[in-house]
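# A look at the structure
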Amino acid sequence: MKLAIPKERREHERRVAASPDTVKKLIALGFDVVVEKDAGLMSSIPDHEYSAAGAKIAADAAETYANADVIFKVQRPLHAAEGGVDEMVLIKPGAILIGILSPFTDGAMIDAYAKGNITAFAMELMPRITRAQSMDVLSSQSNLAGYTSVIDAASEFSRAFPMMMTAAGTVAPAKVMIMGCGVAGLQAIATAKRLGAVVSATDVRAVAKEQVESLGGKFVMVESDEGGETEGGYAKEMSDDYKVKQAALIAETISKQDIVITTALIPGRPAPVLITREMVQSMKPGSVIIDLAVESGGNCELSQPGKIVLESGVRIVGHYNVPSRVATDASALYARNLLNFITPLMDEESKTLNIDWEDEIITGTLLTKDGAIVHERLTEGGN
């Protein structure tokens, strides 16, 4: 079976879906791996490293996709209306496409997968169960995003992070607040603490309190009987009453902070607005806000994708695709996620795919199959 690794063509994407290490393991599973020329260049992986691992280097997209049985992608393929290479027409009917496919933001692509008889798996829909942890792309990429958000904040902040006692005087430590204590938020807490900041954090999920405190942060939360967690372990949208209380708590706390990092996301829905213009204006000049949810609408009312907005002396940073800013490590982790996903689907003796279509991991990630849209959240009545 041919497994294709195309070059990523979407704007702001520097990652690649395979590493030399995973190429070796994919070949051992029974795949003929084809990597498009320069696919790993932006992740600091030259073609000769893939060749040394046993992959064939294809000259262009057409050669890469030609007759591929399985396709590993970071982001969804391009289609004709987006300009550039039309990747969709290069995928043969019956092929398996695996990647971060953004099913809730690009419904037209889901229809295209079905019409093209493509079996599409969206890795970001991976169920949060124990045996799927090594396949969880949201966790692997969010972990790096949380780390990078603190580094970005430090580069934009005009002061030092740790307390410094010098002969010329004492430098006070930076006060950092993390909003949203999922994987990205927890890594941001840990990184900010390592840099010497005084860290506080807030989340709608009460279970986050112990995790925050174990990392040395102070947990701040609205007192409420309302649960903030879905059965799948994700944060859920809260009631209007809760949002009013949350806004009051944030308004009281945020003016005392030097740096605020927001990570709050609700799967399949726009990011909740947590920081208003008035809250930004209450912060000290020189303060920094890093909005990791900017591409989903933003947690800050004033943040803009791909821009640094200056408001009342406060810098509001909205970088695109933050995991891609550390592309080498992000690609390595993502490639392992894909390898861990495909490995149990392979029959060791026949070296062919043997997919259990009733498996929870498969039903949780499968978007289209046999020319139809099959995921329950995308079919009629899904939510």
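Notes on the structure in this doc start here.

Thresholds, definitions, all that
- Residues numbered from 1 in each chain as written.
- Predicted model: local features only at pLDDT ≥ 70, side-chain atom pairs only at ≥ 80, totals over all residues.
- Heavy atoms only, no water.
- Pairing = 2+ DSSP bridges.
- Helix = DSSP H or I, 4+ residues; strand = E, 2+ residues; numbered from the N terminus.
- Contact = heavy atoms within 4.5 Å.
- Axes fitted to C-alpha atoms, helices over the stretch in contact; angles between N-to-C directions.
- 1 Å grid on protein atoms, 1.4 Å probe; cavity = no way out; pocket = protein on both sides within 12 Å on 5 of 7 lines; lining within 4 Å.
- Points joined across faces, edges and corners; volume = space filled by probe spheres on them.
- Nonpolar A, V, L, I, M, F, W, Y, C, P; charged D, E, K, R; others polar.
- Salt bridge = Lys/Arg side-chain N within 4 Å of Asp/Glu carboxyl O.
- Buried < 20%, exposed > 50% of the residue type's maximum accessible area, 1.4 Å probe, protein only.
- Core = buried A, V, L, I, M, F, W, Y, C linked by side-chain atoms within 4.5 Å.
- Polar contact = N/O pair within 3.5 Å; in protein donor to acceptor, adjacent residues only side chain to side chain.
- Arc of directions from axis to C-beta.
- Parallel < 35°, antiparallel > 145°, perpendicular 65-115°, else oblique.
- Left-handed = near helix turned anticlockwise from the far one by under 90°.

Let's shift gears to the sheet that holds strand S2 (residues 32-36). Strand order in this open sheet of 8 strands is S3-S2-S1-S4-S5-S6-S18-S19, and the pairing throughout is mixed. Here the strands that pair on one side only, and so sit at the sheet edges, are strand S3 (56-58) and strand S19 (372-373). Two strands pair when backbone bridges link them, and strand S6 (residues 119-122) and strand S18 (residues 366-369) are joined in this way by 2 bridges, in the antiparallel orientation. In the sheet register, Ala120 faces S18, and the bridge partner there is Thr368.

Attention now goes to the environment of Gly371. Looking at the secondary structure, you find Gly371 in the loop between S18 and S19. Leaving out residues up to four positions away in the same chain, Gly371 has contacts with Ala114 and Asn117.

Here we take up the sheet that holds strand S13 (residues 288-291). In a beta sheet, neighbouring strands are held together by backbone hydrogen bonds and run either parallel or antiparallel to one another. The mixed open sheet is built from 7 strands, whose spatial order is S11-S10-S9-S12-S13-S15-S14. Looking at the sheet topology across the chains shown, the edges are occupied by strand S11 (218-220) and strand S14 (307-311). In this sheet, adjacent strand axes meet at a mean angle of 20 degrees when their direction is disregarded. Note that strand S9 (residues 175-179) and strand S10 (residues 198-202) share 5 bridges and pair parallel.

The next thing to look at is the layout of surface pockets. Empty space within the second largest pocket amounts to approximately 240 Å³. Every residue lining the second largest pocket is listed: Lys175, Val176, Val198, Val199, Ser200, Lys218, Val220, Leu249, Glu252, Thr253, Lys256 and Gln257. Going through the elements one at a time, S9, S10, S11 and helix H8 (240-254) are the ones with two or more residues in the lining of the second largest pocket. Each residue belonging to the lining of the second largest pocket can be placed in one class, and the counts come to 5 nonpolar, 3 polar and 4 charged.

Within the structure shown, the criterion is met by 20 salt bridges. Close ionic contact of Glu36 with Arg9 constitutes a salt bridge, the shortest N to O distance being 2.4 Å. In this pair, Glu36 sits in strand S2 while Arg9 sits in the loop between strand S1 (2-5) and helix H1 (20-29), placing the two residues 27 residues apart along the sequence. Of the charged contacts, one joins Lys369 and Asp370 as a salt bridge, the two residues approaching to 2.9 Å between their closest N and O atoms. Note on Lys369: relative accessible area 21%, which makes it partly exposed. A single salt-bridge network, built from bridges that share partners, covers Glu8, Arg9, Glu36, Lys73 and Glu87.

This paragraph deals with the nonpolar core. With 39 residues, the main nonpolar core has Ile5, Leu26, Phe31, Phe72, Ile98, Phe341 and Ile342 as its most contacted residues. Looking at this core, the elements that each hand over two or more residues are S1, H1, S2, strand S4 (70-75), strand S5 (96-100), helix H10 (327-342) and helix H11 (360-365). When residues of this core are assigned to their parent elements, the largest contribution, 5 residues, is made by H10. Excluding its chain neighbours within four sequence positions, the residues that come into contact with Ile5 are Val16, Ala17, Ala18, Val33, Val34, Val35, Glu36, Ala39, Thr64 and Phe72. Core analysis: the next-biggest nonpolar cluster, separate from the first, contains 27 residues, Val212, Ile259, Ile290 and Val322 among them.

Below, the discussion takes up the side chain of Thr262. Relative to the assigned elements, Thr262 resides in strand S12 (residues 259-262). Of note is the side chain of Thr262, whose polar atom sits 3.2 Å from the side chain of Asn299. Excluding residues within four positions of it along the chain, Thr262 makes contact with Met179, Ile275, Ile290, Asp291, Leu292, Ala293 and Asn299.

Attention shifts here to helix H4 (residues 107-115). Along H4, the positions that sit buried rather than exposed are Met109, Ile110, Tyr113 and Ala114. The arc that holds every buried residue of H4, seen down its axis, measures 145 degrees, which confines them to one face. With respect to the buried face of H4, the exposed residues turned more than 90 degrees away are Ala108 and Lys115. Buried residues along H4 sit in contact with S5, S6, S18 and S19.

Turning our eyes to something else, we now look at the packing of H1 against H10. Running from N to C, H1 and H10 cross one another at 15 degrees; their axes reach a closest spacing of 10 Å. Relative to H10, the element H1 is oriented roughly parallel. Crossing handedness for the pair H1 and H10: left-handed. The residues of H10 that touch H1, namely those facing Thr22, Lys25, Leu26 and Leu29, are Ala335, Arg336, Leu339 and Ile342.

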